[in-house]
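# Chain and residue survey
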Amino acid sequence: MSEEREMETGRCFVCRREFTYDPREVITFLIDPETGVPPGFSVLGTMRPAKPEAVARSTDEPLCPDCLDMAERYTDQLNPPPPRWESWPPNGN
């Protein structure tokens with residue numbers, strides 16, 4: 001019993017490159033086509049309450065694996081692991 005996957009072709013929301021993806025597994029963002037940003041965000045990047053009409057006209061836009069990987073690496077750089085301290089006093093004294 002082989003299961004066929006439905007594949008779609010679309011443009012990445014960030015880099016605008018076309019790629020093929022499985023619509024059940026791809027990461028998507030809700031984007032308002034009038035502003036080009038998610039509802040509740042201003043074009044300057046500040047948060048505001050999302051208007052119901054902006055949410056209603058918004059569509060899910062896919063994110064390609066390359067852009068997702070870059071975003072994860074950027075997040076890792078912004079959130080380094082906490083520093084590790086040696087025990088004090090040192091062992092053996």
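Check the entry above for the structure.
Reading guide: rules and limits
- Residues numbered from 1 in each chain as written.
- Predicted model: local features only at pLDDT ≥ 70, side-chain atom pairs only at ≥ 80, totals over all residues.
- Heavy atoms only, no water.
- Helix = DSSP H or I, 4+ residues; strand = E, 2+ residues; numbered from the N terminus.
- Buried < 20%, exposed > 50% of the residue type's maximum accessible area, 1.4 Å probe, protein only.
- Contact = heavy atoms within 4.5 Å.
- Phe/Tyr/Trp six-rings, centres within 6.5 Å; stacked < 30°, edge-to-face > 60°.

Further remarks concern the side chain of Ser42. Here Ser42 is to be found in the loop between β3 (27–31) and α1 (52–57). Under the relative-accessibility criterion, Ser42 is labelled buried at 12%. Those residues in contact with Ser42 that sit more than four places away from it in its chain are Val37 and Arg48.

For the structure on display, the rule yields 2 aromatic pairs. Here the aromatic rings of Phe13 and Phe29 are separated by 6.2 Å at their centres, their planes lie at 40°, and the arrangement is tilted. Residue Phe13 is located in the loop between β1 (8–11) and β2 (18–21), and its partner Phe29 is located in strand β3; the two are separated by 16 residues in the primary sequence. For Phe13, a relative accessible area of 23% corresponds to the partly exposed category. The class for Phe29 is partly exposed, based on a relative accessible area of 35%. The interplanar angle of 40° and the centroid separation of 5.1 Å between the aromatic rings of Phe19 and Tyr21 together place this pair among those described as tilted. The pair Phe19 / Tyr21 is uniform in exposure class, with both members buried.

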